[in-house]
Amino acid sequence: MAASDEVDRIVDAWQRERPDLDFAPLQVLSRVGRLSKHLDRERRSAFAHAQLESWEFDVLSALRRAGSPYQLSPKALLQQTLVSSGTMTNRIDRLVERGLVVRGTDPRDGRGVLVRMSDAGLTRVDDAISGLVSAEAALLGTLSASDQERLAGLLRKLSLDFD
């Protein structure tokens, strides 16, 4: 018999109290929720180790993924981070103050602005992603590579309607 966890205990109690309901969704989504809390804790730890807040990581990682010279327009950053333009302006201002990004004029359009990651920003985001990947690998350590691939596929299928 498979080991039981806290979700099994919760579902068993609900089934006892409300046998008229199908608690199958809780078997999946309660576990996803609980795992999300563990993942959030690991992410905060990886970001803190790199001296970043999660929102700083979001902006810097968008710049890092853009490739050298690690720059994007504020509009492109908005699209990747899903925040309002006012929020993005505030975030860019704060990153500039910390020396993690610089604002510059877009050479293709003198009226446009580009946000470029500084060397300090590159160091921080690379430290954060290294720590994050290591922590996430540890969270998945009890699953084989094929189980991880199968789980990723199922979660992708579930999330397609939300993206």
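Everything below is about the structure printed above this text.
Every value quoted in this text rests on a predicted model; they were computed, and no experiment measured them. (Residues numbered from 1 in each chain as written. Predicted model: local features only at pLDDT ≥ 70, side-chain atom pairs only at ≥ 80, totals over all residues. Heavy atoms only, no water.)

> Give a detailed account of the pairing of strand 3 (residues 109-117), specifying residues and quantitative values.
The sheet contact formed by strand 1 (residues 71-72) and strand 3 spans 2 bridges and is antiparallel. Note that in strand 3 the partner of Q71 across the bridge is R116. Inspection of the sheet shows strand 2 (residues 101-106) paired to strand 3 by 6 bridges, in the antiparallel sense. The residue of strand 3 that forms the bridge with R103 is V115. (Pairing = 2+ DSSP bridges. Helix = DSSP H or I, 4+ residues; strand = E, 2+ residues; numbered from the N terminus.)

> Describe in detail the packing of aromatic side chains, supporting the description with residues and values.
Summed over all chains, the structure comprises 2 aromatic pairs. Note on W14 and F23: the rings are 6.1 Å apart at their centroids and 25° apart in plane angle, and the pair reads as stacked. Judged by relative accessible area, which is 43%, W14 ranks as partly exposed. (Phe/Tyr/Trp six-rings, centres within 6.5 Å; stacked < 30°, edge-to-face > 60°. Buried < 20%, exposed > 50% of the residue type's maximum accessible area, 1.4 Å probe, protein only.)

> Give a description of the nonpolar core that names residues and reports values.
Core analysis: the biggest nonpolar cluster contains 24 residues, and L52, F57, L60, L63 and L77 have the highest contact counts within it. Only helix 2 (24-49), helix 3 (54-65), helix 4 (74-81), helix 5 (85-97), strand 3 and helix 6 (119-139) provide two or more residues apiece to this core. Ranked by the residues each element gives to this core, the list is headed by helix 3, at 6 residues. Ignoring sequence-local partners within four residues, the contact set of L60 consists of L52, L100, V101, M117, G121 and V125. (Core = buried A, V, L, I, M, F, W, Y, C linked by side-chain atoms within 4.5 Å. Contact = heavy atoms within 4.5 Å.)

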